[in-house]
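Structural features, examined
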Amino acid sequence: MAVFTPLDDAQVAGFLSRFDVGELTKLQGVPAGTENSTFFVTTDRRELVLTLFEQGEHEELPFFVELLDFLDEHRIPVAGPIHDRDGIALHELAGRPALLFPRLPGAHPSAPDVTQCRALGQALGEMHRVSRHFGGHRPNPRDIHWLSAMHHKVLVYLSPEDQALMQDEVDAYQAALESAEPLPQGALHGDLFRDNTLFDGERLGGIIDFYNGCTGDLLFDLAIVINDWATDADGRLVAERHDALLEAYLAERPLTATERELWPLMLRLTALRYWLSRLLVVYVDPPAHDLTPHDPEQFRRILLARLEHGALPLPDIEARP
Ligand SMILES: Nc1ncnc2c1ncn2[C@@H]1O[C@H](COP(=O)(O)OP(=O)(O)OP(=O)(O)O)[C@@H](O)[C@H]1O
Ligand SMILES: N[C@@H](CCO)C(=O)O
């Protein structure tokens, strides 16, 4: 379930009256999602989504609004927050911070085809191209510093082989990143899994759930995407999806020589990032609500597959003029 704070029609109708969006005709709680309360809201004019923020650092919400406004203004396919008649997007409802969004069309692609991968690659490439000029600042909370600080907390729950694997990997990332040229920076989605996109057939309806959004290495975001969108059940890369996504991405934003060099390492680092975050949820910091945690093993398998088989060759693509 993902309605942790129930709302009635009168509360929502009152909330909507500040916005120029029409009158409430239907309110429906959304069962998906794990972190926030989400509602589909229908008015006599349009379809909307209302999100109540249940957890996380609420002081970071203005950053997410600023980032989404910036991406929306640059025509990146995201659900940009709706501002009220006074220009304010972030409000409070039922004692929780609240944002209103347009409802995007489509469904999450569980098995994306190459056309969908191409569409996502192009959107992410465009997003990274423009997001290099985003003025906001929120250091990536899941970068190598977080890995180094947090991996100790789960070692006790792992086999001796897995302890060595995790420790050796963190050491390898640290050594490689310390000696490398700085990587291109910009705003990242930070968690761009398939279930954070909506596809209307082959058309990308949009990207949602920017609450891991931050600023940092663009390559980190791209590696998260490839590990989720182009990996089979054994953790191995699927060449067709990998190539389609990367060809479209690289046409928008070519990688630097340092990014190309660090690409295999970044695929491993982001696999370990999810292995660790999922282990932390299972063993160290279980969610307040009764939810089934994501399986850490899936990302251990991806990490092992990247170590065994390396990365696939990056497509040799010229950027768009
Ligand atoms: N703008 C939108 N348009 C259409 N559907 C949306 C929109 N925003 C959210 N949803 C739907 O609501 C669900 C929950 O939203 P969201 O992913 O933001 O929740 P969450 O609690 O942060 O979950 P999680 O972090 O587990 O993905 C999504 O899976 C999607 O189905
Ligand atoms: N995408 C995350 C969960 C939401 O942060 C995971 O698969 O572990």
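Cut-off values and rules
- Residues numbered from 1 in each chain as written.
- Chains lettered and ligands numbered in written order.
- Predicted model: local features only at pLDDT ≥ 70, side-chain atom pairs only at ≥ 80, totals over all residues.
- Heavy atoms only, no water.
- UniProt positions renumbered as here; feature names shortened; annotations may be inferred.
- Pairing = 2+ DSSP bridges.
- Helix = DSSP H or I, 4+ residues; strand = E, 2+ residues; numbered from the N terminus.
- Axes fitted to C-alpha atoms, helices over the stretch in contact; angles between N-to-C directions.
- Contact = heavy atoms within 4.5 Å.
- Near = heavy atom within 4 Å.
- Polar contact = N/O pair within 3.5 Å; in protein donor to acceptor, adjacent residues only side chain to side chain.
- Areas by Shrake-Rupley, 256 points an atom, 1.4 Å probe, with all protein chains shown as cover.
- Nonpolar A, V, L, I, M, F, W, Y, C, P; charged D, E, K, R; others polar.
- Domains from an automatic or database assignment.
- Expected span 1.5 Å × (residues − 1).
- Bend = angle between axes of the 7 residues up to and from the residue.
- Buried < 20%, exposed > 50% of the residue type's maximum accessible area, 1.4 Å probe, protein only.
- 1 Å grid on protein atoms, 1.4 Å probe; cavity = no way out; pocket = protein on both sides within 12 Å on 5 of 7 lines; lining within 4 Å.
- Points joined across faces, edges and corners; volume = space filled by probe spheres on them.
- Buried area = accessible area lost by both parts, 1.4 Å probe.
- Salt bridge = Lys/Arg side-chain N within 4 Å of Asp/Glu carboxyl O.

Looking up the protein in an unreviewed UniProt entry gives the name Homoserine kinase, with the organism given as Halomonas sp. RT37. Regarding the protein, the UniProt comment filed under Pathway (unreviewed entry) reads as follows: "Amino-acid biosynthesis; L-threonine biosynthesis; L-threonine from L-aspartate: step 4/5." Under the heading Catalytic activity (unreviewed entry), UniProt records this for the protein: "L-homoserine + ATP = O-phospho-L-homoserine + ADP + H(+)".

**Here we look at the sheet that holds strand E2 (residues 37-43)**
Reading across the sheet, the five strands line up as E1-E2-E3-E5-E4 and stay open at both edges, with antiparallel pairing between neighbours. For this open sheet the edge positions go to strand E1 (24-29) and strand E4 (91-93), each flanked by a neighbour on one side alone. For this sheet, the mean angle separating the axes of adjacent strands, direction not counted, is 35°. Both E4 and strand E5 (residues 96-102) contribute to a ladder of three bridges, which runs antiparallel. Of the residues in E5, the one forming a bridge with Glu 92 is Pro 97. Contacting E1, E2, strand E3 (47-52), E4 and E5, helix H1 (residues 9-16) crosses the sheet at an angle of about 120° to E1.

**Examining the site of ligand 1**
Neighbouring residues of ligand 1: 18 residues in total, closest Thr 34, Glu 35, Asn 36, Leu 104 and Asp 209. One of the backbone nitrogen or oxygen atoms of Leu 104 is found 2.8 Å away from a nitrogen atom of ligand 1. Relative to its free-state accessible area of 620 Å², ligand 1 is covered by the protein chains to the extent of 89%. Classifying every residue of the shell around ligand 1 gives nine nonpolar, six polar and three charged. Taken domain by domain, the makeup of the shell around ligand 1 includes at least three residues from each of domain 1 (9-102) and domain 2 (114-309).

**A short note on the site of ligand 2**
Taken together, Glu 35, Asp 191, Phe 193, Tyr 274, Arg 278 and His 294 are the residues near ligand 2. Between ligand 2 and Asp 191, the relevant distance is 2.8 Å, taken from a nitrogen atom to a side-chain nitrogen or oxygen of the residue. Within the side chain of Arg 278, a nitrogen or oxygen atom sits 2.6 Å from an oxygen atom of ligand 2. For ligand 2, whose free accessible area comes to 260 Å², the fraction covered by protein is 80%.

**Focus: helix H9 (residues 257-284)**
With 28 residues, H9 should reach 40 Å at 1.5 Å per residue; the first-to-last C-alpha distance of 39 Å fits that figure. Along H9, the helix axis deviates most sharply at Trp 263, where the bend reaches about 55°; the proline Pro 264 sits within four residues downstream. Within H9, 20 of the 28 residues are buried, which leaves the element mostly enclosed by the surrounding structure.

**Focus: the layout of surface pockets**
In this structure, the second largest pocket spans a volume of roughly 440 Å³. Along the wall of the second largest pocket there are 22 residues; nearest its centre are Asp 143, Ile 144, His 145, Leu 177 and Asp 217. Going through the elements one at a time, helix H4 (144-150), helix H6 (160-179), strand E6 (185-188), strand E9 (214-217) and H9 are the ones with two or more residues in the lining of the second largest pocket. Class assignment of the residues belonging to the lining of the second largest pocket gives a composition of nine nonpolar, nine polar and four charged.

**Comments concerning unusual backbone geometry**
Most peptide bonds are trans, and most residues other than glycine sit at a negative phi. The phi dihedral of Arg 75 is positive, around 60°, even though this residue is not glycine. Within the secondary structure, Arg 75 sits in the loop between helix H2 (61-73) and E4.

**Points about the domain arrangement of the protein**
Structurally, the protein comprises domain 1 (9-102) and domain 2 (114-309). Spacing between the C-alpha centres of domain 1 and domain 2 amounts to 27 Å. In this assembly, 18 residues from domain 1 lie in contact with 22 residues from domain 2. Buried surface at the junction of domain 1 and domain 2, both sides included, amounts to about 1800 Å², of which 74% is carbon and sulfur. Inspection of the domain 1/domain 2 interface yields one salt bridge. Residues Arg 138 and Glu 60 are paired through a salt bridge, measuring 2.5 Å at the closest nitrogen-oxygen approach. Connecting domain 1 to domain 2 are two residue pairs in polar contact (both at pLDDT 80 or more). With seven residues, the top contributor of residues to the side of domain 1 that touches domain 2 is H2. The class makeup of the residues in the side of domain 1 that touches domain 2 is 12 nonpolar, four polar and two charged.

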